[in-house]
Amino acid sequence: MSDSGSGKRYYWCTRHHRVETDADVCPAKYVLGPYTSAADAENALQRVRERNEAWDAEDARWAGEES
């Protein structure tokens, strides 16, 4: 079952380590999102890690630190 297309927005709460919706979302300083599905919100931290690794690699490449 997919949550997408329902018009709901989902967030990952870094304070409570759970998916939240507009109905129960914590203040913005604690959440990542919005996402269109609960699954996307649940995987938010993994996506952040992947993006950070890619950006760090790109920064290293620009600085001439490639191994």
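Look up: the structure comes first, before these words.
The rules we used
Within each chain, residue numbers correspond to sequence positions counted from 1 in written order. Thresholds applied to this predicted model are a pLDDT of at least 70 for local features of residues and 80 or more for the giving and counting of side-chain atom pairs; totals over whole chains, interfaces and linings are not thresholded and use all residues. Values shown for side chains rest on all heavy atoms present in the structure; no hydrogens or waters enter the calculation. Secondary structure counts use DSSP, requiring at least four H or I residues in a row for a helix and at least two E residues in a row for a strand, with both numbered from the N terminus. Strand pairing is defined by DSSP finding a minimum of two bridges between the two strands. Axis definition: a line fit to C-alpha positions, over the contact stretch in the case of helices; interaxial angles, taken between N-to-C directions, run 0 to 180 degrees. Contacts are assigned to residue pairs that have any heavy atoms within 4.5 Å of one another. What counts as a ring pair is set by centres within 6.5 Å for rings of Phe, Tyr and Trp (its six-membered ring), and what kind of pair is set by the plane angle: stacked under 30 degrees, edge-to-face over 60, tilted for all other angles. For a lysine, the NZ atom is tested; for an arginine, the CZ atom; a charge sits over a ring if that atom is within 6 Å of the ring centre and within 35 degrees of the ring normal.

Engineer: So what exactly am I meant to see when it comes to unusual backbone geometry here?
Structural biologist: Residues Gly33 and Pro34 are joined by a peptide bond in cis, for which omega reads 20°. Phi angles above zero are rare outside glycine, and His17 is one such case at about 55°. Looking at where His17 falls in the secondary structure, it is placed in the loop between β1 (10-13) and β2 (18-21).

Engineer: Looking at this structure, how should I read the sheet that holds strand β3 (residues 31-35)?
Structural biologist: Sheets are built from strands paired through backbone hydrogen bonds, the pairs being either parallel or antiparallel. Pairing is antiparallel across the open sheet formed by 3 strands, whose spatial order is β2-β1-β3. Looking at the sheet topology across the chains shown, the edges are occupied by β2 and β3. Adjacent strand axes in the sheet meet at a mean angle of 30° when their direction is disregarded. The pairing of β1 with β3 spans 3 bridges and is classified as antiparallel. Residue Cys13 lies in a different strand from β3, and its bridge partner there is Val31. Contacts from helix α2 (residues 44-62) reach β1 and β3, with the element oriented near 100° to β3.

Engineer: Sorry, what's going on with the packing of aromatic side chains here?
Structural biologist: The description of an aromatic ring pair rests on the distance of the ring centres and on the angle between the ring planes. For the structure on display, the rule yields 0 aromatic pairs. Taking the ring centre of Tyr30 as reference, the NZ or CZ of Arg15 above it sits at 4.8 Å.

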